[in-house]
Amino acid sequence: MSTPSFTLARTGDKIPAIAFGSGTKHQKKKKGDPVLKDSVDESLVDIIKFALTEGKFTHLDTAEVYTTRIEVGKAIAESGVPRNKLWITDKWNQGWGGRHRSTTPSGPYESLVKGLELMKIDYVDLFLIHAPFFGEDANEVTVEEAWRQMERLVDEGKARNIGVSNFDVPVLQKILAFCKYKPQVNQIEYNPYLQEQSPGIVEFCKRNEILVEAFSPLTPIVPTKVTEGPLDPVLKELESKYGVTNTLLLLRWVYQTGILPITTSTNKERLKDITKVWEFELEPSDVEKISAAGKKFHYRGFFQDYFEKYDQAR
Ligand SMILES: NC(=O)C1=CN([C@@H]2O[C@H](COP(=O)(O)OP(=O)(O)OC[C@H]3O[C@@H](n4cnc5c(N)ncnc54)[C@H](OP(=O)(O)O)[C@@H]3O)[C@@H](O)[C@H]2O)C=CC1
Ligand SMILES: O=C1Nc2ccccc2C1=O
């Protein structure tokens, strides 16, 4: 079965309903390795090609900060898959806090121009602002200036769609008040153990026709994150009922809640298993069972400092 899609409101573009991420584990490996960090990681090129061919992914997620744009570009070229059959998402790294400064402090325009060169492509399907951090600490552009640059990328055909990532309601409202083109997507951390990255965000995005994408959809089964939780017995029961892995149950749950999962792996068996995600459907009562069990536990893996204000109010 071919991959289903979500339709983006402004352009009507169809975005493939699951993505392969080139951040997290791949990014960590590359940055942590003195040789790989400034070169091409051929093992990453190989796994992305596998994801595109055997894994049947048609949607890749990258970002300036991952330093994996070069591998994404090489894998696309070597995969033999025509560019117009693929969806490529990239992000501007505007830096976060004092810890991590942007490599393109002038803003998203310069970032994507460099990204297109590295990926050896003419346009991306979607370009995102990676996080809602603006001001002296992170970069030199305001949210207004950054969004104007995003809109210029659309006008010049370099980005077909634009959006944001890790944005909470107040920052989104700020953009909606002045924008020419609305954000089409908000990519956030989302799984049964974090159903609201920030208060009301999913509902707000749905109401404003902003597609929500979920990074870290598999958190409940990644032992380095959660060793034991209230979802475990529910997943066990549903694994037997549907005859699928817990990975598939979680990806399917994300999709059936109207959200686009972004997952990744270095494991080819896991990638092949993921192709089966479109071959079954959870009954609505089982979607609810996963949601209800998930709400009994809270786990946040990213940007704890920024979201601390919300966690403290829980
Ligand atoms: N916008 C943003 O701020 C962010 C965006 N992202 C994007 O989302 C993508 C996916 O994020 P990520 O958190 O990795 O997503 P997932 O929740 O899909 O986790 C994937 C990771 O989980 C591991 N895993 C899966 N199942 C198991 C298991 N049963 N036992 C042990 N390990 C397991 C995989 O390891 P293995 O390799 O062994 O399969 C892989 O490293 C990123 O690559 C990036 O593109 C991510 C974070 C932040
Ligand atoms: O993939 C990612 N890994 C990260 C680690 C820290 C901050 C953002 C990210 C990503 O987007």
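Residues numbered from 1 in each chain as written. Chains lettered and ligands numbered in written order. Predicted model: local features only at pLDDT ≥ 70, side-chain atom pairs only at ≥ 80, totals over all residues. Heavy atoms only, no water.

> Give me the site of ligand 1: which residues, what numbers.
The environment of ligand 1 is formed by 30 residues, the closest being Asp-61, Thr-263, Ser-265, Thr-266 and Arg-270. Separating a nitrogen atom of ligand 1 from a side-chain N or O atom of Tyr-66 is a distance of 3.5 Å. Between ligand 1 and Thr-263, the relevant distance is 2.6 Å, taken from an oxygen atom to a side-chain nitrogen or oxygen of the residue. For the shell around ligand 1, the secondary-structure elements that each account for two or more residues are helix H1 (24-32) and strand E12 (260-263). Considering only residue class, the shell around ligand 1 consists of 10 nonpolar, 15 polar and five charged. (Near = heavy atom within 4 Å. Polar contact = N/O pair within 3.5 Å; in protein donor to acceptor, adjacent residues only side chain to side chain. Helix = DSSP H or I, 4+ residues; strand = E, 2+ residues; numbered from the N terminus. Nonpolar A, V, L, I, M, F, W, Y, C, P; charged D, E, K, R; others polar.)

> Can you tell me about the nonpolar core, naming the residues and giving the values?
The biggest cluster of nonpolar side chains holds 99 residues, and the ones touching the most others in it are Ile-48, Val-124 and Phe-127. In this view, Ile-48 contacts Phe-20, Leu-60, Glu-71, Val-72 and Ala-75; residues no more than four positions away in its chain are not counted. (Core = buried A, V, L, I, M, F, W, Y, C linked by side-chain atoms within 4.5 Å. Buried < 20%, exposed > 50% of the residue type's maximum accessible area, 1.4 Å probe, protein only. Contact = heavy atoms within 4.5 Å.)

> Hey, could you go over the pairing of E12 for me, with residue numbers and the actual values?
Residues in a regular strand point their side chains to alternate faces of the sheet. Here E12 shows a buried face lined by Leu-260 and Ile-262 and a second buried face lined by Pro-261 and Thr-263. Pairing of strand E3 (residues 19-21) with E12, which is carried by two bridges, proceeds in the parallel orientation. Considered in E12, the bridge of Ala-19 is made with Ile-262. With three bridges joining them, strand E11 (residues 211-215) and E12 adopt parallel strand pairing. Counted as the bridge partner of Ala-214 is Pro-261 from E12. (Pairing = 2+ DSSP bridges.)

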